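Secondary and tertiary structure notes
One-letter residues, chain by chain:
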Amino acid sequence: MIDGEIDIISSERIENINISSQVGNLINSVGKGIIFLFVPHTTAGIFVNESADPAVSLDINKKLADLIPYGAGYRHMEGNSDSHIKSIIVGNQLFVFFEKGKLKLGTWGGIFFAEFDGPRRRKLYYQIQL
Amino acid sequence: MIDGEIDIISSERIENINISSQVGNLINSVGKGIIFLFVPHTTAGIFVNESADPAVSLDINKKLADLIPYGAGYRHMEGNSDSHIKSIIVGNQLFVFFEKGKLKLGTWGGIFFAEFDGPRRRKLYYQIQL
Amino acid sequence: MIDGEIDIISSERIENINISSQVGNLINSVGKGIIFLFVPHTTAGIFVNESADPAVSLDINKKLADLIPYGAGYRHMEGNSDSHIKSIIVGNQLFVFFEKGKLKLGTWGGIFFAEFDGPRRRKLYYQIQL
C-alpha cells in the first residue's frame, strides 16, 4: 500500500481547484487499482465533475451559495457554518479507479478540491490499493 | 481483484434506476468483501435508498428539482448545469459490502443509478476486493 | 480483513451522534490502512465534520430542515421522505484512513452518525483493510 499527502493552496474564499494532474501523477508508475482521497478539513470538500467548461464550476458555486448562504444567522461563532454544511453535502472523500497509469474518470471528468473557506494552505491524504 | 463495467440505459431525463440485481449478480460467486462502484459521467449519480416504495424515488426527484431547477439562469451553455450540480450533491460513487454472495444493503436498501440528463446509454465501472 | 457491526441508539428524531471513539476503538490494535463504514438504513447517514463546537451540528440540522422540511407534501405514505432525501444528500457511507492506531481525521474532525428519523436502534457495518 502506497500513501502520502498532496499540498493544495487556495486563493479565494470559494474555489474549485482542478487537482486531476496532481492525483494522476501519483499513479503514473503503478498498474491497476483504486486511489482513495481524503480531505482532513471540515470546511472543504472534494468531487468529480466536468473539467472542460469552467462555467460548470461557477454554476455549482452560485447554487451552493444560494442554498447555503454565508453568514445567514448560524449559531457557530466562527461565522463559517456555510462552509461546514457545504463540506458535508459535497463530501470530503472520494475514490477513483486507475489502469495503465491513467485515472478512469470518464471523458469530461476532473477531480476538484472544493475550497469553501479560503484562502488557505490545505492538504489531501491519499492511499493507493493495487 | 475483479473489475469490469455495467451497461445502463435510461429512458427519461430524470430517472432513478434500481440496479441492485445487476450489482448483486457480480458478486454471486465470490465470498466476503467490498464492491466499489464508480459512475464515469458528470451528469449522473449513484445512491443507496429505499427500494420498496417507488414514491420515495419520486419524492427525491421532486425535491432535487425544487432545489436545483432545470434551466434557471446557469452560465454553462449546454443548459444542463442542474444535472452537474445534482451529480455532485448526490455523489458519483459508492461502495457496498457483501458476504456469502449477498449485498449487505439492509432491509429496505436498493442501489440506484441516478440519471440526471437522459435518456442516454450509460455505464458504471466496478472493482471487487475480497 | 476484519469486519463487524457497531450498535447505535438515537434519542431524538434528528440527531448527529459523535461516534469517533467507537470507530477509533476498532482500529486501536492494528497498523495502517482504511476503515470502511456503511449505514444499512435508508433514513440515516454518516459524515465527518467539526466535533469541537456543538453549534456546527445544530446549524447543519437547521439548514437541512429548511431545505428539506418534514411533512411537506411528499407522496411516500410513511411521511418520512425528508429523512430519505437527507440520507441521500449527506450519504450513507464513509472511509477513514488510520495509522499507528489513530484515525487520520484532521484537527477538528469527528465522525458523526446522522439520525434523520429517530429515536431508534441503529447499526453500522464496518470493514478494515490493512
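Structural data are supplied above this passage.
To start, this report covers the structure provided alongside it. (Residues numbered from 1 in each chain as written. Chains lettered and ligands numbered in written order. Predicted model: local features only at pLDDT ≥ 70, side-chain atom pairs only at ≥ 80, totals over all residues. Heavy atoms only, no water.)

1. Topic: the interface of chain A and chain C
With 29 residues of chain A in contact, the opposing surface of chain C contributes 31 residues. At the boundary of chain A with chain C, total buried surface from both sides reaches about 2500 Å², with 64% on carbon and sulfur atoms. Our count for the contact surface shared by chain A and chain C stands at one salt bridge. With a shortest N-O distance of 3.3 Å, Asp3 of chain A and Lys32 of chain C are connected by a salt bridge. Here chain A is connected to chain C by 12 residue pairs in polar contact (both at pLDDT 80 or more). Sorting the residues of the side of chain A that touches chain C by element identifies strand E3 (33–38), helix H3 (81–90), strand E5 (93–99) and strand E8 (121–129) of chain A as the ones contributing at least two each. Looking at which element gives the most residues to the side of chain A that touches chain C, the answer is H3 of chain A, with six residues. The class makeup of the residues in the side of chain A that touches chain C is 17 nonpolar, nine polar and three charged. (Contact = heavy atoms within 4.5 Å. Buried area = accessible area lost by both parts, 1.4 Å probe. Salt bridge = Lys/Arg side-chain N within 4 Å of Asp/Glu carboxyl O. Polar contact = N/O pair within 3.5 Å; in protein donor to acceptor, adjacent residues only side chain to side chain. Helix = DSSP H or I, 4+ residues; strand = E, 2+ residues; numbered from the N terminus. Nonpolar A, V, L, I, M, F, W, Y, C, P; charged D, E, K, R; others polar.)

2. Some words on the relation of the copies chain A and chain C
Mapping chain A onto chain C calls for a rotation angle of 120° and an axial translation of 0.0 Å; the resulting RMSD is 0.0 Å. A rotation of that kind, with that shift, is consistent with a three-fold axis. When each C-alpha of chain A is compared by its distance to the rotation axis, Ile89 of chain A comes out closest, at 3.5 Å. (Least-squares fit on C-alpha atoms with pLDDT ≥ 70 in both.)

3. As for the pattern of salt bridges
Residues and elements named next belong to chain A. What the rule picks out here adds up to 24 salt bridges over all chains. Ionic pairing is found between Asp82 and Lys86, a salt bridge with its closest N-O pair at 3.7 Å. Of this pair, Asp82 and Lys86 both sit in helix H3, separated by four residues, roughly a single helical turn. Here the two residues Asp82 and Lys86 agree in accessibility, since each one is buried. A salt bridge links Lys104 to Glu99, with the nearest nitrogen and oxygen atoms 3.4 Å apart. For Glu99, a relative accessible area of 25% gives the class partly exposed. Taken together, the shared-partner salt bridges connect Arg13, Asp82, Lys86, Asp117 and Arg120 into one network. (Buried < 20%, exposed > 50% of the residue type's maximum accessible area, 1.4 Å probe, protein only.)

4. Concerning the interface of chain A and chain B
One frequent convention defines the size of an interface as the accessible area lost when the parts assemble. Counting from both sides, the interface comprises 31 residues of chain A and, opposite them, 29 residues of chain B. Across the interface of chain A and chain B, roughly 2500 Å² is buried in total on both sides, 64% from carbon and sulfur atoms. At the junction of chain A with chain B, the criterion picks out one salt bridge. Our enumeration of links across chain A and chain B arrives at 12 residue pairs in polar contact (both at pLDDT 80 or more). At the level of secondary structure, the elements contributing two or more residues to the side of chain A that touches chain B comprise E3, strand E4 (44–50), helix H2 (54–67), H3 and E5 of chain A. With eight residues, the top contributor of residues to the side of chain A that touches chain B is H2 of chain A. Here the side of chain A that touches chain B is built from residues that sort into 19 nonpolar, five polar and seven charged.

5. Some words on the relation of the copies chain A and chain B
In the superposition of chain A on chain B (RMSD 0.0 Å, axial shift 0.0 Å), the rotation amounts to 120°. Counting the interface residues of chain A, we find that no more than 19% of their copies in chain B are interface residues as well, pointing to two distinct contact surfaces.

6. What to know about the sheet that holds strand E2 (residues 15–18) of chain C
All names here are of chain C. Strand order in the open sheet formed by three strands is E2-E7-E4, and the pairing between neighbours is antiparallel. What marks the edges here is a single partner per strand, and that holds for E2 and strand E4 (44–50). Averaged over all pairs of adjacent strands, the angle between their axes in this sheet comes to 35°, without regard to strand direction. In this structure, E2 lies alongside strand E7 (residues 109–115), joined through four bridges in antiparallel fashion. Within E7, the residue paired with Asn16 across the bridge is Ala114. (Pairing = 2+ DSSP bridges. Axes fitted to C-alpha atoms, helices over the stretch in contact; angles between N-to-C directions.)

7. Topic: the side chain of Ser20 of chain C
Residues and elements named next belong to chain C. Tracing the backbone shows Ser20 in helix H1 (residues 20–26). A distance of 2.7 Å separates a polar atom in the side chain of Ser20 from a polar atom in the side chain of Asn18. Ignoring anything within four residues of it in the chain, the contact list for Ser20 reads Leu103, Gly110 and Ile111.

None of the figures reported here should be taken as evidence of function without further support.
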